[in-house]
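Next come the chains, spelled out residue by residue.
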Amino acid sequence: MTKLGLLSLIFITFCILIISVVSFTKLEILYKTTDCLRENDVLIHKFAFDIQETLQIPFFLVRPGKHTFHAKTRRISPKNPVIYIPFIDGNTIRVYFNGTLIGISGNPFSTNSLRWNRPELFLIPREMIKDENDISIEVNTENTIGIFEPVFVGEYSHIKHKYRVLFCLNQLLSFFNIMVFIIVGLLFLTIPILTKEAYHRILIGLALVLYSIYNIDYSYIPFLPLPYALYKKIVVSSLYLSVPLYTLGFVYEFNFKGLVRKANYWFLCLNLFLAIVLFKTKNNSVLVRETYLKLNFCMFLGILWIFVIFGKKVLSSFKEKSPGIYLNFFLIFLFLPFAFRDVYVLANKLPTPLVHQYILPLFLMANLLYIFHDFVSVYRKFLLERRKSILLEQESMRDPLTGALNRRFITRIAEIVPDYYTLALIDIDDFKSLNDSYGHLIGDCVLKGIVQGISKHIRKEDHIVRYGGDEFILMLYKCTLEDAEAIIEKIQAYFAMLPLKCDEIPIYVSFSYGLANKSHGYTLNDIISFADKKLYETKKIKKTKQ
């Protein structure tokens with residue numbers, strides 16, 4: 001790499017770091033309600049908790065059970081009054097305004113529904129507003145409760161932008177990530193098996209499916225029929241296992257050996273052990289939470305290991321000048337500030353980790369660019385091989401002289417012939433005499449001419465098969481005996497009017513035929529046998545007339 005290229009790389013990397021810091025700062029601001037306050041709006045900064053103590057927002061408590069928070073506000077007079085809570089921790093919440101229930105979030109009949117990062121919005125009927133208003137929030141939780149930003153009470157238009165953006169990020173984006181990683185994961189699981197190549201990519205596919213299971217944690221707990229504690233064991237263990245499986249797949253993809261590969265196996269064993277420890281924990285929500293919070297250090301080891309794997313590949317591959325390589329290199333530096341920020345957030349028990357929800361999916365998608373191109377190449381190769389095999393199979397069912405289908409086609413199509421085809425067994429009249437008079441080359445020319453002439457009078461779904469030396473089977477799709485006979489007579493008239501020209505010699509040809517369909521037999525051999533009898537009768541009648 002030239003000195004100018006190195007300086008450019010350093011400058012772009014510095015810009016990416018700045019963008020990263022600005023990005024997570026902007027994401028944090030989305031959760032703030034203090035900058036939404038306008039005239040006639042109110043921010044609630046503290047609640048009376050269970051009528052015994054006052055809690056200042058933000059607060060976070062490990063306290064299972066049902067709890068009620070009370071606050072009083074002055075009169076408000078917005079056009080569209082709402083209560084907006086950008087971040088509340090609990091299972092099911094009920095919001096009361098002046099003693100009347102105005103909204104429920106979560107499943108009130110289940111303890112599975114964690115309202116963790118979903119913004120909550122409740123409409124206030126204007127006729128309920130008084131000079132002094134009482135707001136009560138009832139939270140039912142299996143483990144923790146918390147409100148992390150002042151509760152907004154006021155005009156909807158003042159907070160609608162934040163509410164919509166957060167809803168899209170935390171609900172729609174989460175759903176999109178789950179679908180993408182399930183689909184891509186299943187592709188990575190199946191394509192190596194179909195193509196019998198790169199079996200290590202199955203590890204990557206399994207990791208992506210496990211990661212998508214973990215992502216369900218953010219939005220879809222209310223729809224799951226499992227106890228919350230057991231479900232948390234499943235999703236957190238899925239995350240623990242997805243990271244080392246993912247990195248191990250790329251260790252094989254990049255053909256890393258020696259210490260790197262051994263370290264990844266040790267990392268996989270460590271995470272498997274941690275998953276077992278988590279599953280051995282009693283099905284108590286608080287205990288499960290405390291356990292996985294202590295074990296989560298392995299996730300930062302995993303993030304660090306992903307950086308090592310891709311950093312090593314990037315540094316060894318700059319000469320390739322691949323857009324995918326540069327994209328992954330820059331995304332590492334986009335990822336790093338988010339990772340350090342989340343370490344700080346979790347260490348201080350703050351509520352807004354961002355890596356797993358926003359940045360890690362983007363980073364994983366960029367990682368996969370390394371092998372998507374190869375997948376496309378392999379798939380193209382697979383299609384070409386498939387087409388080649390089909391072409392060879394088709395060629396093997398063709399008569400090399402006339403281009404008509406051969407007896408092999410008859411055996412392949414035997415099962416459907418009785419139901420869908422009427423058969424005409426055709427025999428060229430006096431073909432032996434023609435061969436004796438003009439020679440075998442002229443005879444071959446006549447056979448080709450017969451096939452070409454018949455092909456002009458049949459449909460695409462009909463077939464002509466060379467059954468013997470000068471015998472052909474005409475297979476007419478969904479055709480009655482009457483219609484088949486009309487087609488054959490039309491073909492006979494065509495050959496009677498138009499001679500075949502073989503080596504500039506005009507030759508008039510005629511043929512005899514016998515017709516049969518399902519009414520004359522239930523197997524292909526039965527139908528051919530009956531058509532052969534009809535052909536024999538026709539030829540016998542012709543000889544008698546001569």
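Remember, predicted model here, so these are calculated numbers, not experimental data. (Residues numbered from 1 in each chain as written. Predicted model: local features only at pLDDT ≥ 70, side-chain atom pairs only at ≥ 80, totals over all residues. Heavy atoms only, no water.)

Student: Can you help me understand the pattern of salt bridges in this one?
Tutor: Note that side chains of opposite charge can pair when their charged atoms are close. Considering all chains together, one arrives at 14 salt bridges under this definition. Residues Glu253 and Arg201 are paired through a salt bridge, measuring 3.0 Å at the closest nitrogen-oxygen approach. On the criterion of sequence distance, the pair formed by Glu253 in helix 4 (residues 228-253) and Arg201 in helix 3 (residues 201-215) is long-range, its members being 52 residues apart. Accessibility expressed as a relative area gives 4% for Arg201, which makes it buried. We note a salt bridge from Lys432 to Asp436, for which the minimum N-O separation is 3.4 Å. (Salt bridge = Lys/Arg side-chain N within 4 Å of Asp/Glu carboxyl O. Helix = DSSP H or I, 4+ residues; strand = E, 2+ residues; numbered from the N terminus. Buried < 20%, exposed > 50% of the residue type's maximum accessible area, 1.4 Å probe, protein only.)

Student: Just to check I follow, could you spell out unusual backbone geometry for this structure?
Tutor: Glycine aside, a negative phi is what most residues show, and trans is what most peptide bonds show. In this structure, Pro58 follows Ile57 across a cis peptide bond, with omega equal to 5°. In this fold, Pro58 is placed in the loop between strand 3 (53-56) and strand 4 (59-62). Unusually for a residue other than glycine, Asp430 sits at a positive phi of about 55°. With relative accessibility at 56%, the residue Asp430 sits in the exposed group.

Student: Please explain the sheet that holds strand 6 (residues 81-85) as it appears in this structure.
Tutor: The strands making up a sheet associate through hydrogen bonds between their backbones, and the pairing can be parallel or antiparallel. Spatially, 1-13-6-10 is the arrangement adopted by the 4 strands of the open sheet, whose pairing is antiparallel. With one partner strand each, in any of the chains shown, strand 1 (42-44) and strand 10 (120-123) form the two edges of the open sheet. Taken over all neighbouring pairs, the strand axes of this sheet differ in orientation by 20° on average, direction set aside. Bridge analysis of strand 1 against strand 13 (residues 151-155) gives 3 bridges, and the strand direction is antiparallel. Each bridged residue has a counterpart across the sheet, and for Val42 the counterpart in strand 13 is Val153. (Pairing = 2+ DSSP bridges. Axes fitted to C-alpha atoms, helices over the stretch in contact; angles between N-to-C directions.)

Student: Explanation requested: the side chain of Ser238 in the structure shown.
Tutor: Mapping Ser238 onto the fold places it in helix 4. Overall, the relative accessible area of 6% leaves Ser238 in the buried class. Not counting the four nearest positions on each side in its chain, Ser238 is found in contact with Leu210 and Ile213. (Contact = heavy atoms within 4.5 Å.)

Student: Would you explain helix 7 (residues 297-316) in this entry?
Tutor: One full turn of an α-helix is made of 3.6 residues, so residues set three or four places apart face in the same direction. Look at helix 7: 29 Å from first C-alpha to last across 20 residues, which is about the 28 Å you get at 1.5 Å a residue. The set of residues buried in helix 7 consists of Cys298, Met299, Gly302, Ile303, Trp305, Ile306, Phe307, Ile309, Phe310, Gly311, Lys313 and Val314. (Expected span 1.5 Å × (residues − 1).)

Student: What exactly am I supposed to notice about the pairing of strand 13 here?
Tutor: Every other side chain in a regular strand lies on the same face of the sheet, so the side chains alternate between the two faces. Most of strand 13 is tucked away, with 5 of its 5 residues classed as buried. Pairing of strand 6 with strand 13 involves 4 bridges; the strand directions are antiparallel. Paired with Ile83 across the strands is Val153, a residue of strand 13.

Student: Help me understand a nonpolar patch on the surface, please; the structure alone is not making it clear to me.
Tutor: Taken together, the side chains of Phe175, Met179, Ile183 and Leu187 make up a nonpolar region of the molecular surface, amounting to roughly 360 Å² of accessible area. Structurally, the position occupied by Ile183 is in helix 2 (residues 160-195). (Patch = residues over 30% accessible without salt bridge, like charges linked within 9 Å, V, L, I, M, F, W, Y side chains within 5 Å. Areas by Shrake-Rupley, 256 points an atom, 1.4 Å probe, with all protein chains shown as cover.)

Student: When you look at empty space enclosed by the protein in this model, what are you seeing that I'm missing?
Tutor: Unfilled space is identified by rolling a water-sized probe across the atoms. Tallying each qualifying case throughout the model produces 2 cavities of 30 Å³ or more. In this structure, the largest cavity spans a volume of roughly 120 Å³. Around the largest cavity sit 13 residues that line it, and Ser242, Val243, Ile306, Leu360 and Leu364 are the ones nearest its centre. Those elements that place two or more of their residues in the lining of the largest cavity are helix 3, helix 4, helix 7 and helix 9 (355-396). With 4 residues, helix 4 is the single largest residue contributor to the lining of the largest cavity. Residues of the lining of the largest cavity, tallied by class, amount to 11 nonpolar, 2 polar and no charged. (1 Å grid on protein atoms, 1.4 Å probe; cavity = no way out; pocket = protein on both sides within 12 Å on 5 of 7 lines; lining within 4 Å. Points joined across faces, edges and corners; volume = space filled by probe spheres on them. Nonpolar A, V, L, I, M, F, W, Y, C, P; charged D, E, K, R; others polar.)

Student: It is not clear to me how the packing of aromatic side chains should be interpreted in this structure. Could you clarify?
Tutor: Where two aromatic rings form a pair, the distance of their centres and the angle of their planes describe that pair. Across all of its chains, the model carries 16 aromatic pairs by this definition. Measuring from centroid to centroid gives 6.1 Å for Phe47 and Phe69, while their planes differ by 70°, and the two rings are edge-to-face. One end of the pair, Phe47, is in strand 2 (residues 46-49); the other, Phe69, is in strand 5 (residues 65-74), with 22 residues separating them in the sequence. Each member of the pair, Phe47 together with Phe69, is buried. By the ring-pair criterion, three or more aromatic residues cluster together here, those being Tyr31, Phe60, Phe87 and Phe148. Cation over ring: Lys312 sits above Phe256, and NZ or CZ is 5.4 Å from the ring centre. Between the NZ or CZ atom of Arg407 and the centre of the ring of Tyr467, over which it lies, the distance is 3.9 Å. (Phe/Tyr/Trp six-rings, centres within 6.5 Å; stacked < 30°, edge-to-face > 60°. Lys NZ or Arg CZ within 6 Å of the ring centre and 35° of its normal.)

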